[in-house]
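Residues per chain, in single letters:
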Amino acid sequence: MQNFDRRHFLQVAAAAGAAGLVPAIPAAPSTQRMRLGIIIGVAHDPDAALKRVREFGVPTCQAGTDDFSDRVYNGLKAAIEKYGIEVTAINSSGGPPNVYDFYQGPLTIGIVPKKYRRQRIDNFKRASDFAKRLGIPAFHTHYGFIPENPNDPEYAGVVEALREVATHIKGNGQMMLYETGQETPITMLRAITDVGLDNQFVNLDTANLILYGKGNPLDALDVVGKLVRGVHAKDGLFPTDPKQLGEEVAIGRGKANFPKLIPRLKELGYTGPLTIEREISGPQQLEDIKKEKAYLEKLIG
């Protein structure tokens, strides 16, 4: 994930629709097989955002917003009904600052930094309430760099904060999705186990584990595969500079290995969305998303 508003994606998607480069959306998605989606920011113009999803010819999206106002709610509700898009999760950063790197990331992201913990807890609860009003079944975010050492004096406080958020989300009848990347899969599993609630699941970002140098998505499925309820279809290269994340690249150019990932997900019985995320801007992003969609459709079968 980069900056949460996804402005780059929205600009490219608008160009795609105008150019007539994408097919019409298929019929209602089957619940028995994986279906494709795109991450889209909806805070600025929900109607335009979901129209662009439809123009890309995919039936689902994750809708990103830190604005839970009646304006966004009414606009998104109307757009869902108008375009027939399945919103699989509401995605929120919890408000600024969020710096996605090795140095400022642990100090700014999610509920791990004490300075922002109460703000994020409250905002995540609001996001869950917003999703409930729309009938959206999941809330998804990065919860931060969860401490790997369970003896870390900060670990117990992080688990307590996660439990508070998970309890609220459970009360709304929703899934709480943890996005992979900023901790090893076993660290994520430990935190989920220690929180101890049955509505906690994993959003497998197939690139983030690589970009943060925390593992690879195929092996991660051995650890958290049974908990996966969302997938970000994305690719990347491992970091070689200890001060910089690895490079996010188009699917097929990195280390994610989708020809093995998709069959493994099928073995695990996964039938949820594959939500495409390409973190660049400009015409190349459009071309990459089109190619990634076609590539993934062949693998899904």
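Refer to the structure presented above.
Let me begin by describing the structure that accompanies this report. In this text, all values refer to a predicted model and were calculated from it rather than measured experimentally.

Topic: the pattern of salt bridges
Applying the stated criterion across every chain yields a total of 19 salt bridges. Glutamate 81 is the partner of lysine 77 in a salt bridge, and the nearest nitrogen-oxygen pair spans 3.0 Å. Separated by four residues within a single helix, lysine 77 and glutamate 81 lie in helix H3 (residues 70–83), roughly one turn from each other. For glutamate 81, a relative accessible area of 56% puts it in the exposed group. Two residues, aspartate 222 and arginine 264, come together in a salt bridge whose shortest N-O distance is 3.6 Å. With aspartate 222 in helix H9 (residues 217–224) and arginine 264 in helix H10 (residues 258–267), the pair connects residues that are 42 residues apart, well separated along the chain. What makes arginine 264 partly exposed here is its relative accessible area of 22%. When salt bridges with common partners are traced through the structure, they connect Arg118, Asp122, Lys125 and Glu164 into a single cluster.

Quick look at the nonpolar core
Ranked by internal contacts, the top residues of the largest apolar core, which has 76 residues, are Leu50, Tyr143 and Leu162. Not counting chain neighbours up to four residues away, the residues in contact with tyrosine 143 comprise Ile109, Gly110, Ile111, Val112, Phe124, Leu162, Val165, Ile169, Met176, Leu177 and Tyr178. Among the nonpolar cores identified, the runner-up in size contains six residues, and Phe145, Ala207, Leu211 and Tyr212 belong to it.

A few points about the pairing of strand S4 (residues 138–141)
A two-sided burial pattern is seen for S4, the buried positions comprising Ala138 and His140 on one face and Phe139 and Thr141 on the other. Pairing analysis gives two bridges linking strand S3 (residues 86–91) to S4, with the strands arranged parallel. Across the sheet, isoleucine 90 pairs through a bridge with phenylalanine 139, a residue of S4. Of the pairings in the sheet, the one linking S4 to strand S5 (residues 175–179) comprises four bridges and is parallel in character. If you follow histidine 140 over to S5, its bridge partner there is leucine 177.

Quick look at the packing of aromatic side chains
In this description, an aromatic ring pair is defined by two values, namely the gap between the centres and the angle between the planes. Applying the stated criterion across every chain, the model contains seven aromatic pairs. Taking the centre distance of 6.4 Å and the plane angle of 80° together, the rings of tyrosine 73 and phenylalanine 130 count as edge-to-face. Linking tyrosine 73 in helix H3 with phenylalanine 130 in helix H5 (residues 114–134), this pair joins segments that are 57 residues apart in sequence. Judged by its relative accessible area of 2%, phenylalanine 130 falls in the buried class. Seen in terms of ring centroids, phenylalanine 124 and phenylalanine 139 are 5.2 Å apart; in terms of plane orientation they differ by 45°. Their pairing is tilted. Residue phenylalanine 124 is found in helix H5, and its partner phenylalanine 139 is found in strand S4; the two are separated by 15 residues along the sequence.

How each quantity is defined
- Residues numbered from 1 in each chain as written.
- Predicted model: local features only at pLDDT ≥ 70, side-chain atom pairs only at ≥ 80, totals over all residues.
- Heavy atoms only, no water.
- Salt bridge = Lys/Arg side-chain N within 4 Å of Asp/Glu carboxyl O.
- Helix = DSSP H or I, 4+ residues; strand = E, 2+ residues; numbered from the N terminus.
- Buried < 20%, exposed > 50% of the residue type's maximum accessible area, 1.4 Å probe, protein only.
- Core = buried A, V, L, I, M, F, W, Y, C linked by side-chain atoms within 4.5 Å.
- Contact = heavy atoms within 4.5 Å.
- Pairing = 2+ DSSP bridges.
- Phe/Tyr/Trp six-rings, centres within 6.5 Å; stacked < 30°, edge-to-face > 60°.

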